[in-house]
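So you can see what is in the structure, the chains are spelled out below.
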Amino acid sequence: MQKTRLLASLLAGILIAAPASASELRIGLQDDADVLDPAQSRTFVGRIVYTALCDKLVDVSPTLEIVPQLATDWKWSDDGSELTMNLRKDVVFHDETPFNAAAVVANIQRSQTLPESRRKSELSSVKSVEAMGDYQVKFTLKSPDASLLAQLSDRSGMMVSPKAAAELGANLGNKPVCSGPFKFVERVQQDRIVLEKFPHYWNAANVFIDKVTFLPIPDSTVRLANLQSGDLDMLERLAATDAAAVKADPKLTYADAIGVGYLAMIANVGNGPRADNPFGKDKRLRQAFSLAIDREAVNQVVYEGTSVAGNQPFPPNSPWYDKDIPVPARDVEKAKALMKEAGFATLDIEFSTPNNPVTMQRMQVIQSMVAEAGFNVKLKTTEFATLQSELPAGKFQFGHADWSGRVDPDGNLREFVTCKGAINDAKYCNPQVDTLLNEARSSTDNAVRKQKYDAAAQILNDDMPIIYLGHQAWIWALKKNVTGFVPTPDGMIRLQGVKKS
């Protein structure tokens, strides 16, 4: 741990040589983003960068409502099979090519057909998309999909220049061209991502920063030290242990919001040779592991009480939470009994975790807890971006699976647990779960949807391909001279309206 912090400190000293100028905002990120192509990427920090780089058809408000962005308004057909959107007429991409209905069609079709796209299952309900005029587009669905608007408020709805996409193909991430408030300048892996204000942005009058530099600094202590010294202007995911210090610092501002996502662990139950192990094959062992965890203790020890203990993809205060499956109390004896039933007194497990201090602390606490039930957990630490490539490739036995969350419940479930879900790294497959989640997304009646999600929750809580731990608050820290930032439950950093004096 000391070596990790020392190295992070030295690197931070190299990366951040001088304070940012008055026109530049330096933002410390917990991880490095993966590929900067909305069709291909999957990381949370990538979405933070996109919030400055790539506008979407619709956005999410601080109260989790779907609001206009590149689309000014929209309407569903009576049977829910068609979605018609009217588009802004004053938008150009960063290469000065026009944004219009044809561009939307090109983007949606790219996300559906690009071999490397991770958006295919998010848009699987879309039968066709067509321009109904220069600034109107119509989505025709295979079946009603209540989650589509929420998908279009994220990477599936991010618009890139069709010209650049055609020229660069799968390499668009090397030089992304979008239509957001800032355009791409340069990227150095594990070092920085630099954007500059786009003067022709449709809402440029509300953008007051000239340059944004995102700096990946995994060590939360080093991130905060750089903020305190003035080398950063803002950081995301402040460690909960540092919340009190930031609140007491007259030079800093504290901001937080309870997130819509979850903290979790994923078991490899069917993704290649590494799934061929007792933990992946026998749900009783996964159930025992879950019972050996004191979730509220994890919240208090690691997150200083700022998170909420949980056991589902929705927090207990969510209308989608199934109250018939309450957060389980720790029960080591029952965990041992399940292990014995499965034929084990002890079991060795390798857990793949990113190397940021908070996540590692969480796993060390859990490692100690489950040891009392007979689980010998070996922690395999790696860079976050590397882990994101290892999980889908099946190069893990048990791994980190936190999710930043989505506004619609479909976005916290379907991609991860349906047989062909794009982010189903466990390769879990239960046709009954597929049916329930497909039926839930096809209804516009929330009562019907809730019934379907509850039924799926019962099955998932038994099969347990994902072990949920809780729901984290997003915490930001800013210098006092940075004003106008509005925290939102999706954890994004929206820079419209943000000023630096």
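Residues numbered from 1 in each chain as written. Predicted model: local features only at pLDDT ≥ 70, side-chain atom pairs only at ≥ 80, totals over all residues. Heavy atoms only, no water.

### Observations regarding the pattern of salt bridges
Going through the model one piece at a time under the given rule, you end up with 34 salt bridges. The residue Asp32 makes a salt bridge to Arg187 at a minimum N-O spacing of 3.3 Å. In this pair, Asp32 sits in the loop between β1 (24-29) and α2 (44-53) while Arg187 sits in strand β8 (residues 182-188), placing the two residues 155 residues apart along the sequence. For Asp32, a relative accessible area of 5% gives the class buried. Here the salt bridges do not stand alone but share partners, grouping Lys56, Asp59, Asp490 and Arg494 into one network. (Salt bridge = Lys/Arg side-chain N within 4 Å of Asp/Glu carboxyl O. Helix = DSSP H or I, 4+ residues; strand = E, 2+ residues; numbered from the N terminus. Buried < 20%, exposed > 50% of the residue type's maximum accessible area, 1.4 Å probe, protein only.)

### What to know about the state of the cysteines
One pass over the full model with this rule turns up two disulfides. One disulfide in the model links Cys419 with Cys429; its S-S distance is 1.9 Å. Between Cys419 and Cys429 the sulfur-sulfur dihedral comes to about 90°; the bridge is accordingly right-handed. Placement of the pair is Cys419 in the loop between α14 (414-417) and α15 (431-441) and Cys429 in the loop between α14 and α15, with a sequence separation of ten residues. (Disulfide = S-S within 2.5 Å.)

### Here we look at the nonpolar core
Leu57, Met85, Phe99, Phe139, Leu152 and Phe214 are the most contacted members of the largest nonpolar core, which totals 68 residues. Apart from residues lying up to four places away in sequence, Met85 is in contact with Leu57, Val58, Ala71, Asp73, Trp74, Tyr135, Gln136, Val137, Phe139, Leu149 and Leu152. (Core = buried A, V, L, I, M, F, W, Y, C linked by side-chain atoms within 4.5 Å. Contact = heavy atoms within 4.5 Å.)

### Some details on empty space enclosed by the protein
The final tally for this structure, using the stated rule, is six cavities of 30 Å³ or more. By volume, the largest cavity is sized at about 550 Å³. Surrounding the largest cavity, 37 residues form its lining, His400, Ala401, Asp402, Trp403 and Ser404 being those nearest its centre. A per-class count over the lining of the largest cavity returns 20 nonpolar, eleven polar and six charged. For the second largest cavity, the calculated volume is near 130 Å³. Examining the composition of the lining of the second largest cavity, we find that three residues originate from one element, α2, more than from any other. Partitioning the lining of the second largest cavity into residue classes produces eight nonpolar, three polar and six charged. (1 Å grid on protein atoms, 1.4 Å probe; cavity = no way out; pocket = protein on both sides within 12 Å on 5 of 7 lines; lining within 4 Å. Points joined across faces, edges and corners; volume = space filled by probe spheres on them. Nonpolar A, V, L, I, M, F, W, Y, C, P; charged D, E, K, R; others polar.)

### Overview of the environment of Lys499
Following the sequence through the fold, Lys499 ends up in strand β21 (residues 499-500). In sequence terms Lys499 and Leu252 are 247 residues apart; their C-alpha atoms lie 15 Å from each other. When sequence neighbours within four positions are dropped, the list of residues in contact with Lys499 reads Phe208, Ile209, Asn481, Val482 and Thr483.

### Observations concerning the pairing of strand β7 (residues 136-141)
Most of β7 sits out of view: five of its six residues are buried. As defined by bridge partners, strand β6 (residues 126-133) adjoins β7 across six bridges and the pair is classed as antiparallel. When the bridges of β7 are listed, Val129 appears paired with Phe139. Counting the residues in the hairpin turn of β6 and β7 gives two residues. (Pairing = 2+ DSSP bridges.)

### Observations concerning helix α11 (residues 332-341)
Considered for burial, the residues of α11 that qualify are Val332, Ala335, Leu338 and Met339. Axial view of α11: buried residues confined to an arc of 120°, hence all on one face. Turned more than 90 degrees from where α11 packs its buried face, Glu333, Lys340 and Glu341 sit exposed. Gly343 sits one or two positions beyond α11 and adopts a positive phi of about 95°. (Arc of directions from axis to C-beta.)

### Re the sheet that holds strand β14 (residues 308-309)
Strand order across the open sheet formed by six strands is β14-β18-β13-β17-β15-β16, with mixed pairing between neighbours. Each of the sheet's edge strands pairs with one partner strand only, and the pair in question is β14 and β16 (375-382). Inspection of the sheet shows strand β13 (residues 263-267) paired to strand β18 (residues 466-471) by four bridges, in the antiparallel sense. Its bridge partner lying in β18, Ala264 is registered against Tyr468. Those strands touched by helix α9 (residues 283-291) are β13, β15 (347-354), β16, β17 (398-400) and β18, and its axis lies near 85° from that of β16. (Axes fitted to C-alpha atoms, helices over the stretch in contact; angles between N-to-C directions.)

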